[in-house]
Amino acid sequence: MHIPDNYLSPQTCAVMTAAVVPAWTISIKKIKQSLPPEKVAMMGVAAAFSFLGMMFNVPLPGGTTGHAVGGTLIALLLGPYASCISVSIALLLQALLFGDGGIISFGANSFNMAFVLPFVGYAIAHAISPDWGKNKNRDLVAAGIGSYAGINAAALSAAIEFGIQPMLFKDSAGNALYCPYGLNVSIPAMMAGHLTLFGLAEVIFTVAILAFVWKAAPEFTGEKTKTGLPLKILLAVLICAVPVGLLAEGTAWGEWETDEIAATGAGFTPKGMLHGFDFSSMIPDYSLKGLPDWFGYILSAAIGAAILIIVFRIAGSIVSKGSRHDRAAA
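Quick caveat, the model's predicted, so the values are computed rather than measured. (Residues numbered from 1 in each chain as written. Predicted model: local features only at pLDDT ≥ 70, side-chain atom pairs only at ≥ 80, totals over all residues. Heavy atoms only, no water.)

(A) How the structure looks around the overall build of the protein. Broken down by element type, the protein carries 14 helices and two strands. Computed over the C-alpha atoms, the radius of gyration of the protein is 20 Å, within 12% of the 20 Å expected from 2.2 N^0.38 for a compact globule of 330 residues. Here the C-alpha coordinates of the protein stretch approximately 65 × 45 × 45 Å along the principal axes. Put simply, 78% of the contacts in the protein that link residues at least 6 apart link residues at least 24 apart. Accessible surface, the protein: about 14600 Å² in total, of which carbon and sulfur atoms supply 66%. Each charge sign in the protein was given a centre, from 18 positive and 19 negative side chains, and these centres are 16 Å apart. (Helix = DSSP H or I, 4+ residues; strand = E, 2+ residues; numbered from the N terminus. Rg over C-alpha atoms; globule rule 2.2 N^0.38 Å. Contact = heavy atoms within 4.5 Å. Areas by Shrake-Rupley, 256 points an atom, 1.4 Å probe, with all protein chains shown as cover. Lys, Arg positive; Asp, Glu negative; His and termini not counted. Charge placed at Lys NZ, Arg CZ, Asp CG, Glu CD.)

Below you can see the structure in the form of structure tokens.
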């Protein structure tokens, strides 16, 4: 679901970025108002969950792959506004450092996975279990249904963004400038995987980690603010297990390289893709030269998780100092 650069027109990317900016602005404001400063640091652990979950690729017959996102999980732990910012920062890190998702299309990816997904998932989960926290078994069922709905809503959003490209942006010969597949192809292609295996992966990821956190990691739900040993062990296990994602062969639909797209059935490579924005990440595809793929994947997972945790700890410290300053001024 990570839309690379040049699959969407610059105009579409601008519109999607403009659409998600208010969500970011409101989310930051809501976090400052409702999330205790000491809990802001926990958003880094939550963002690490999302980052690691997106590294576990799941294969689908036919050669495509997909993954969980964890947006609903974070929303149910820390609130949808915290999820919006946590997943957005994880997506930004993936794009800048690992080349997973585009730079220009960052706004579109954030709209789909950091806005649509967690807010839809959170709303449905709480609609099914309105007295959240009173019945954990029902809450877990609600979390599973909400996460399934959330990731499919995000996939549909991405499919529409892909599918309108050949309708709106063509060259003088009538060929698509960007994604060459219309809605009649993009929606079935995206939804087939997410309504089945990828949606199931999101459900398992959400329910399993939510159940673990409730039982073993009170730092998310109680007064404790430091990351406890069980949570550290869980992060370490996820980091060590990410090479499982390498077993999935093929490329996610809509994430092909420019030299691959002609072979996907389009029959040509759109000019906008050939001559569009080009960005070289430091650790492309989570691989490092001279290292086995599995080790590079683990190292990338560790680096990404560590950066996210550090960034949000710094943010938590800044918010805490700001709160103390405001109280002193009052």
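(B) Fine view of the state of the cysteines. Considering all chains together, one arrives at zero disulfides under this definition. We note that Cys84 lacks a disulfide partner, and the nearest cysteine sulfur, in Cys13, lies 18 Å from it. According to the relative accessible area criterion, Cys84 is buried, its value standing at 0%. (Disulfide = S-S within 2.5 Å. Buried < 20%, exposed > 50% of the residue type's maximum accessible area, 1.4 Å probe, protein only.)

(C) Summary view of the environment of Asp5. Position of Asp5 relative to the elements: it lies in the segment before α1 (10-34). On the accessibility criterion, Asp5 (15% relative accessible area) is buried. Sequence separation between Asp5 and Gly101 is 96 residues; the distance between their C-alpha atoms is 7.2 Å. If we ignore the near neighbours within four places in the chain, the residues touching Asp5 are Gly102, Ile103, Ile104, Ser105 and Phe277. A polar contact is formed between the side chain of Asp5 and the backbone nitrogen of Ser105, at a distance of 3.1 Å. (Polar contact = N/O pair within 3.5 Å; in protein donor to acceptor, adjacent residues only side chain to side chain.)

(D) Focus on the packing of aromatic side chains. Under the criterion given, the structure shown has 17 aromatic pairs. Here the aromatic rings of Phe98 and Tyr286 are separated by 4.7 Å at their centres, their planes lie at 25°, and the arrangement is stacked. Residue Phe98 is located in helix α5 (residues 80-98), and its partner Tyr286 is located in the loop between α13 (271-274) and α14 (293-329); the two are separated by 188 residues in the primary sequence. Taken as a pair, Phe98 and Tyr286 share a single burial class, namely buried. Pairing Tyr181 with Trp256 gives two aromatic rings, centres 6.1 Å apart and planes at 65°, and the pair type is edge-to-face. Here Tyr181, found in the loop between α8 (165-168) and α9 (183-194), pairs with Trp256, found in the loop between α11 (229-241) and α12 (258-261); they are 75 residues apart in sequence, far enough to count as distant. (Phe/Tyr/Trp six-rings, centres within 6.5 Å; stacked < 30°, edge-to-face > 60°.)

(E) Structural detail: the pattern of salt bridges. Under the counting rule described, the total for this entry stands at one salt bridge. Here Arg138 ties to Asp131 by a salt bridge, and the two come within 2.2 Å at their closest N and O atoms. Among the residues examined, Arg138 registers a relative accessible area of 31% and is labelled partly exposed. Residue class for Asp131 comes out partly exposed when judged on its relative accessible area of 33%. (Salt bridge = Lys/Arg side-chain N within 4 Å of Asp/Glu carboxyl O.)

(F) Main features of α1. Compared with the 36 Å implied by 1.5 Å per residue over 25 residues, the 36 Å span of α1 between its first and last C-alpha is a close match. Every buried residue belonging to α1 is among Thr12, Cys13, Met16, Val20, Ala23, Trp24, Ser27 and Ile31, and all of these are buried. Looking at the buried side of α1, the elements it contacts are α2 (37-40), α3 (42-53), α5, α6 (106-128), α7 (136-163) and α8. (Expected span 1.5 Å × (residues − 1).)

(G) Local environment of the packing of α1 against α5. It is the contact of α1 with α5, at a shortest axis distance of 8 Å, that shows an interaxial angle of 120°. Accordingly, the angle class assigned to the pair α1 and α5 is oblique. As α1 runs across α5, the sense of the crossing is left-handed. Touching Ala23, Trp24, Ile26, Ser27, Ile28, Lys30 and Ile31 of α1 are Tyr81, Ala82, Cys84, Ile85 and Ser88, all from α5. For the contact of α1 with α5, the residue count by class is nine nonpolar, two polar and one charged. (Axes fitted to C-alpha atoms, helices over the stretch in contact; angles between N-to-C directions. Parallel < 35°, antiparallel > 145°, perpendicular 65-115°, else oblique. Left-handed = near helix turned anticlockwise from the far one by under 90°. Nonpolar A, V, L, I, M, F, W, Y, C, P; charged D, E, K, R; others polar.)

(H) A look at unusual backbone geometry. Within the chain, Asn6 stands out as a residue other than glycine whose phi angle is a positive 80°. Secondary-structure assignment places Asn6 in the segment before α1. Judged by its relative accessible area of 14%, Asn6 is buried. At Tyr286, a residue that is not glycine, the phi angle is positive and equals roughly 60°.

(I) The arrangement of the nonpolar core in detail. Counting residues in hydrophobic clusters, the biggest one holds 88 residues, and the most contacted among them are Met43, Phe49, Phe51, Leu52, Phe220 and Leu231. The residues touching Leu52, leaving out its near neighbours within four places in the chain, are Leu235, Leu238, Ile239, Val242 and Ala301. (Core = buried A, V, L, I, M, F, W, Y, C linked by side-chain atoms within 4.5 Å.)

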